[in-house]
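# Structure at a glance
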Amino acid sequence: MSTNSNGIAQQTKFAPSVGLPGGTEPTLVGSKEVLVGRALARLRSIPGDLEKYTFLASLKSRNENIFYSLVGSHMKECTPLIYTPVIGLACQNWSLIHPPPSTYQTPASALYLSINDLPNIGQILADLKTRVPKDEMEISVVTDGSRVLGLGDLGVGGMGISMGKLSLYVAAGGVNPKATLPIVLDFGTDNEKLLADPLYVGLRQRRLPDAECEAFVDVFMAEMHKTFPNMIIQFEDFHTTLAFPLLFNNREKYPCFNDDIQGTGAVVLAGAIRAFALSEIPLKDQRILFFGAGSSGVGVAETICKYFEKQGMTEEEAKAKFWLVDSRGLVAHNRGDTLPEHKRYLARSESDAPKLKTLSEVVEHVKPTALLGLSTVGGTFTKEILQYMGKINKKPIVFALSNPVKQAECTFEQAVEGTGGRVMYASGSPFDPVQFEGQKYEPGQGNNMYIFPGLGLGAILAKVKSIPEDLVHASAQALADSLTVEEKERNLLYPDVERIREVSMTIAVGVIRAAQKLNVDRNEELRGMNDAQLLAFVQNQMYHPLLDL
């Protein structure tokens, strides 16, 4: 394999291997297509999802070119296996399906850092750099596993999410696989099952207080930037009270973002832009209700709120369009409890807020045009709520975004039937199309995989100094604008997932242009390119699996 000056793998052709008589492997004969076809047949012969995941993980470690060729040519079939929803099952069984963690692993594998490594982080990273090929590390997904999907604290099992997302950076965004590094920060766990499990491969101790975790991350981020100055850091699956401080403390110092807060916000915003247009209700008349006020829910709400401001509303006018519901009811300043800092910005001031304890009560009070769920509580958008949304809206917007599938607030079929087929629906995990009253309906999948590969690719190529919020908004707008005429005719909210590499290129161009406007780009050579030239440049820099073996 050869690489260009940016460390991106180039397409290279190899002659078929000859093989030696009596060798341990049979002679390798045939094209890449034959090898991919063989892998696909093997995958389809495996009955269980977890077993399919372990097969793909093994294939990736043995031959990443065949792995990425398989995933890239069968996105709809493979992404649910390497990402949501199956990745949740893999994370829950991490200690059984992966070898014990080791700090000193090969660069292409993974890095586990525990609180005990704090005095040696600089040396560990320096040692890692000596074993990295000439390709400089470009992007890392960093987690502490404290809030994995809707499954809660899974400790070092969160590594599965870091690995899965980096696989999508490669398959969907064309990032060089050798320039990716999944990292888990092991701060302990409060998961009783893991603490009692003698096979658990992480620290079997209670999770550290947030202040100690923040202090660790301060050192970690400084050493990462010192060792890999161009590395993009994606924070992933940190619990809410840690996620916001880590983002705010680091976003102006280093090129980093939080995918749960910002990536989710961007992908939902992109779908919402399409849904608002299809709903035929002006932005000034939208009433948006969020069920779930954790890091993802608040992050999404604030992202859409800022979009309203960019469309000409004042800050107060935009904030007035949003309502949040948590486990205690409507999030409001006067309901009698102390609101966490992250909930205060969009908290309401209704005089009767203390009486609004249930989602049904708040829905009747707000009469929303859009109902969005990021609660991780499955089935909460009941038949009655869905019917009410259909009653008060010509084209109700219902986004059931919690992962995995069992945590979704409602299924696509329930949303279609509850609204008489008039719903504009998106979910976090994939659902199949639905037949209703003789018509086929296709769901939208508001999954972060539409955003972070293109956002990361653009940030890498622009060599950004930081990732301001405008870059996140640029990625959302680019995604909303990326639908083809045919996809719009089908009333889709998101592009077909099989086009995701094309979509990622469009997003990368939007991110690069936004970085240039804000002067946070360091790759000034790209400034002289027009949009067509920049798109061609992005495509040329993307990793592609080998054409022939």
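Residues numbered from 1 in each chain as written. Predicted model: local features only at pLDDT ≥ 70, side-chain atom pairs only at ≥ 80, totals over all residues. Heavy atoms only, no water.

According to UniProt, the feature "domain: Malic enzyme NAD-binding" (unreviewed entry) maps to residues 261-516 in the numbering used here. Each end of residues 261-516 is marked by a C-alpha atom, and these two atoms are 23 Å apart; helix forms 45% of the span and strand 12%. (UniProt positions renumbered as here; feature names shortened; annotations may be inferred. Helix = DSSP H or I, 4+ residues; strand = E, 2+ residues; numbered from the N terminus.)

Turning our eyes to something else, we now look at the sheet that holds strand β2 (residues 139-143). Across the sheet, which stays open at both edges, the five strands sit in the order β1-β3-β2-β4-β5 with parallel pairing between neighbours. At either margin of the open sheet sits one strand with a lone partner, and together these are β1 (111-114) and β5 (256-258). For this sheet, the mean angle separating the axes of adjacent strands, direction not counted, is 20°. Alignment of strand β4 (residues 232-236) against β5, held across three bridges, turns out to be parallel. When the sheet's bridge partners are listed, glutamine 234 is paired in β5 with phenylalanine 257. Lying on the sheet, helix α10 (residues 210-227) is in contact with β1, β2, β3 (180-186), β4 and β5; it crosses β3 at an angle near 160°. Set on the sheet, helix α19 (residues 452-462) makes contact with β2, β4 and β5; between it and β4 the angle comes to about 155°. (Pairing = 2+ DSSP bridges. Axes fitted to C-alpha atoms, helices over the stretch in contact; angles between N-to-C directions. Contact = heavy atoms within 4.5 Å.)

A separate point is the nonpolar core. Ranked by size, the top nonpolar core spans 160 residues in total, and within it Leu185, Phe220, Phe290, Ile304 and Phe399 carry the most contacts. The greatest single-element share of this core, amounting to 11 residues, is contributed by helix α12 (residues 259-279). Phenylalanine 290 has contacts with Gly297, Val300, Ala301, Ile304, Phe322, Trp323, Leu324, Val325, Leu372 and Leu374, leaving out every residue within four places of it along the chain. Among the nonpolar cores identified, the runner-up in size contains 28 residues, and Ala353, Leu359, Val362 and Phe436 belong to it. (Core = buried A, V, L, I, M, F, W, Y, C linked by side-chain atoms within 4.5 Å. Buried < 20%, exposed > 50% of the residue type's maximum accessible area, 1.4 Å probe, protein only.)

Attention now goes to the UniProt feature "binding site: (S)-malate" (unreviewed entry) in the protein chain. In this structure's numbering, the residues bearing the UniProt feature "binding site: (S)-malate" (unreviewed entry) are Arg147, Asn403 and Asn447. Ignoring sequence-local partners within four residues, the contact set of asparagine 403 consists of Thr84, Leu149, Gly150, Gly428 and Ser429. A polar atom in the side chain of asparagine 403 sits 2.5 Å from the side chain of serine 429. If you trace the backbone, asparagine 447 turns up in the loop between β14 (444-445) and α19. Judged by relative accessible area, which is 2%, asparagine 447 ranks as buried. Setting aside residues no more than four positions away along its own chain, asparagine 447 makes contact with Tyr83, Thr84, Val267, Ser427 and Gly428. (Polar contact = N/O pair within 3.5 Å; in protein donor to acceptor, adjacent residues only side chain to side chain.)

Turning next to the packing of aromatic side chains. Aromatic ring pairs are described here by two measures, namely the spacing of the ring centres and the angle between the planes. Scanning all chains against the criterion turns up 15 aromatic pairs. Between the aromatic rings of tyrosine 307 and phenylalanine 308, the centroid separation amounts to 6.3 Å while the plane-to-plane angle is 55°, which identifies the pairing as tilted. An aromatic cluster of three or more residues is present, and its members are Phe276, Phe290, Tyr307, Phe308 and Phe322. Over the ring of tyrosine 345 we find lysine 319; its NZ or CZ atom is 4.5 Å from the centre of that ring. (Phe/Tyr/Trp six-rings, centres within 6.5 Å; stacked < 30°, edge-to-face > 60°. Lys NZ or Arg CZ within 6 Å of the ring centre and 35° of its normal.)

Omega for the peptide link from threonine 84 to proline 85 comes to 10°, which places this bond in the cis form. We note that lysine 367 has phi near 55°; this positive angle belongs to a residue other than glycine. For lysine 367, a relative accessible area of 45% translates into the label partly exposed.

Take the pattern of salt bridges next. Inspection of the entire model under this criterion finds 27 salt bridges. The residue aspartate 531 makes a salt bridge to arginine 513 at a minimum N-O spacing of 2.9 Å. Placement of aspartate 531 in helix α23 (residues 531-541) and of arginine 513 in helix α22 (residues 500-518) is noted, with a sequence separation of 18 residues between them. Connected via shared salt-bridge partners are Asp144, Asp153 and Arg207. (Salt bridge = Lys/Arg side-chain N within 4 Å of Asp/Glu carboxyl O.)

The next point concerns the pairing of strand β7 (residues 322-326). The buried fraction of β7 amounts to five of the five residues, a majority that puts the element mostly inside the structure. Neither face of β7 is open: one carries Phe322, Leu324 and Asp326, the other Trp323 and Val325, and all of them are buried. Bridging between strand β6 (residues 288-291) and β7 involves four bridges; their strand directions are parallel. Bridge assignment links isoleucine 288 to a residue of β7, and that residue is phenylalanine 322.

Turning our eyes to something else, we now look at the pairing of strand β10 (residues 397-400). Burial along β10 is two-sided: the face carrying Ile397 and Phe399 and the face carrying Val398 and Ala400 are both buried. Across four bridges, the pairing between strand β9 (residues 370-373) and β10 is parallel. In the strand pairing of β10, glycine 373 is matched with alanine 400. For the segment spanning β9, helix α17 (residues 383-392) and β10, crossover handedness is right-handed. In this sheet, strand β11 (residues 424-427) lies alongside β10 in parallel orientation, the contact comprising four bridges. (Right-handed = clockwise from strand over helix to strand, strands pointing away.)

Relative to each other, α10 and helix α11 (residues 240-250) sit at 35°, their axes nearing to 11 Å. As α10 packs across α11, the resulting crossing turns out to be right-handed. Within the contact between the two elements, α10 uses Asp210, Cys213, Glu214, Val217 and Met221 and α11 uses Thr241, Leu242, Pro245, Leu246, Asn249 and Asn250. The residue makeup of the contact of α10 with α11, split by class, is six nonpolar, three polar and two charged. (Left-handed = near helix turned anticlockwise from the far one by under 90°. Nonpolar A, V, L, I, M, F, W, Y, C, P; charged D, E, K, R; others polar.)

Assignment of secondary structure puts lysine 406 in the loop between β10 and α18 (412-418). With 39 residues separating them along the chain, lysine 406 and lysine 367 place their C-alpha atoms 27 Å apart. The contact partners of lysine 406, leaving out residues within four places of it in the chain, are Leu151 and Gly378.

Taken domain by domain, the protein chain comprises domain 1 (32-82), domain 2 (107-258), domain 3 (263-446) and domain 4 (449-541). Computed from C-alpha coordinates alone, the two centres of domain 2 and domain 3 are separated by 31 Å. With eight residues of domain 2 at the interface, the matching set in domain 3 holds 12 residues. Summed over both partners, the interface of domain 2 with domain 3 comes to about 740 Å²; 64% of that surface belongs to carbon and sulfur atoms. Of all residues in domain 2, Gly150, Thr240 and Phe244 bury the most surface against domain 3, accounting for 54% of the area lost on that side. Across the domain 2-domain 3 interface, the total number found is one residue pair in polar contact (both at pLDDT 80 or more). With three residues, α11 is the single largest residue contributor to the side of domain 2 that touches domain 3. Split into classes, the residues belonging to the side of domain 2 that touches domain 3 amount to four nonpolar, three polar and one charged. (Domains from an automatic or database assignment. Buried area = accessible area lost by both parts, 1.4 Å probe.)

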